[in-house]
Amino acid sequence: MKRLFPGRLLRFNFKIVNFTIKKIIKVSLLVMLVGAFIFVAVHFGIFKQRVALVYRAPLYFVEESPQPSISASSSVKILFVGDMMFDRYIRTQMKKNGSEYIFNKIQNLLNNYDVVVGNFEGPITNFSSVSEKSTLGSSANYIFTSPKDTAKILYEHNIKILNIGNNHILNFGDEGLKQTKEFLKSAEISFFGDPQDDNKTLSIEFNGINITFISYNQFIGDVKSAQQNVLSDIKKYQKNEGKIIVYAHWGEEYQNIPSEAIKNLAHKFVDAGADAVIGSHPHIIQPSENYKGKTIYYSLGNFIFDQYFSEKTKKGLALEMEIDLQSKNIKYKEFIVKMNLDGSTSQ
């Protein structure tokens, strides 16, 4: 009987197979060795510049994930807080316990937002404090300067937009204002209300919607001119088809309700096209109002401050503004915050 595969041919095929298997094993070992070398090179810094381009870039891309696409439920969430001051007793407590101590009890709230906006009382400078150990009620007691690392601390706690248009910003003159702006810019904090700049506004785009902040400062310069400038700015920025927020430093300290003059001015801002008006300076919470479908908060009170002489000054309002990116509607949510005797702020 004839064989289908002659023994000679069969032996020849076994040799080919045997050779091929050995070759595959050698190539596999080589690939494994190269892979191991790359792994060691990357993790121990060998050929760092070249290898990192291949190995680390994908990791970086994963960490910096792209912004989610805007859906019907997508929104921008901003938290507005009231008056902040890091001098006097707050400065003393920060020296004693560290800056984190001031924020520890409120940090979870601050982290829930795209950005936190507040009124910053006084400059940030490298000058020594004159109010820290001053006598209560003395003139020195009302002259503020915050430590030079304050801007960095604010940024680390998501407070990244500040109104500096207030009655304390020039407490250390032109040099104090200059240093403030330098420290804020270095910490990448945006600000508006510069008393020496004709432009008192800040426009920022959040996920496709433009939001403009306009400062009204009752206490520096001619009041009538300041009011007219705000009205003009509102008209100007209406062309951007975004949202316009007037942040007003106005009114009388410790007054429970705003004056009729303040109410009328707020109404004028809304009539001109403002989508919201948010106030500071009275150091206590004042009533809010819905006027022609727009919301006015006359005073948010304190946020970080050492005014412990009354229950009203020891609390403030943190205001959540949520803007729906599709409908452009605004919703609000209020949180009461407390100034504690240890210098910290909490919910």
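Considering the overall build of the protein chain
Step number 1: Secondary structure summary: the protein chain contains nine helices and 14 strands in total.
Step number 2: Buried positions account for 47% of the 347 residues belonging to the protein chain.
Step number 3: Considering only contacts within the protein chain whose residues lie at least 6 apart along the sequence, 70% involve residues at least 24 apart.
Step number 4: Taken as a whole, the protein chain presents about 19,000 Å² of accessible surface, with 56% of it coming from carbon and sulfur.

Quick look at the packing of helix H8 (residues 223-237) against helix H9 (residues 260-272)
Step number 1: One can describe the packing of H8 onto H9 by two numbers: an axis separation of 9 Å at closest approach and a directional angle of 25 degrees. Of the possible angle classes, the one that applies to H8 and H9 is roughly parallel. Here H8 and H9 pass one another in a crossing that is right-handed. Contact residues: Gln 227, Val 230, Leu 231, Ile 234 and Lys 235 in H8; Leu 265, Lys 268, Phe 269 and Ala 272 in H9.
Step number 2: A breakdown of the residues in the contact of H8 with H9 according to their chemical character gives six nonpolar, one polar and two charged.

Structural notes on the pairing of strand E5 (residues 201-206)
Step number 1: Where E5 lies against strand E6 (residues 209-217), six bridges are found, and the strand directions are antiparallel. Looking at the pairing, Ser 203 lines up with Thr 212 of E6.
Step number 2: As consecutive antiparallel partners, E5 and E6 are separated by two residues, and within that stretch Asn 207 has a phi angle of approximately 50 degrees, a positive value.

Topic: the side chain of Asp 87
Step number 1: Tracing the backbone shows Asp 87 in the loop between strand E1 (75-84) and helix H3 (88-97).
Step number 2: Engagement of the side chain of Asp 87 in a polar contact is seen with the side chain of Ser 129, the distance being 2.6 Å.
Step number 3: A polar atom in the side chain of Asp 87 sits 2.9 Å from the side chain of Ser 131.
Step number 4: If near-sequence neighbours (up to four positions away) are discounted, Asp 87 is found in contact with Ser 129, Ser 131, Glu 132, Ile 143, Phe 144, Thr 145, Ser 146 and Asp 306.

Let's talk about the environment of Val 277
Step number 1: Here Val 277 shows up in strand E8 (residues 276-280).
Step number 2: Sequence separation between Val 277 and Tyr 298 is 21 residues, and the spatial gap between their C-alpha atoms is 7.5 Å.
Step number 3: In this view, Val 277 contacts Val 246, Trp 250, Ala 266, Phe 269, Val 270, Thr 295, Ile 296 and Tyr 297; residues no more than four positions away in its chain are not counted.

Cut-offs applied
Residues numbered from 1 in each chain as written. Predicted model: local features only at pLDDT ≥ 70, side-chain atom pairs only at ≥ 80, totals over all residues. Heavy atoms only, no water. Helix = DSSP H or I, 4+ residues; strand = E, 2+ residues; numbered from the N terminus. Buried < 20%, exposed > 50% of the residue type's maximum accessible area, 1.4 Å probe, protein only. Contact = heavy atoms within 4.5 Å. Areas by Shrake-Rupley, 256 points an atom, 1.4 Å probe, with all protein chains shown as cover. Axes fitted to C-alpha atoms, helices over the stretch in contact; angles between N-to-C directions. Parallel < 35°, antiparallel > 145°, perpendicular 65-115°, else oblique. Left-handed = near helix turned anticlockwise from the far one by under 90°. Nonpolar A, V, L, I, M, F, W, Y, C, P; charged D, E, K, R; others polar. Pairing = 2+ DSSP bridges. Polar contact = N/O pair within 3.5 Å; in protein donor to acceptor, adjacent residues only side chain to side chain.

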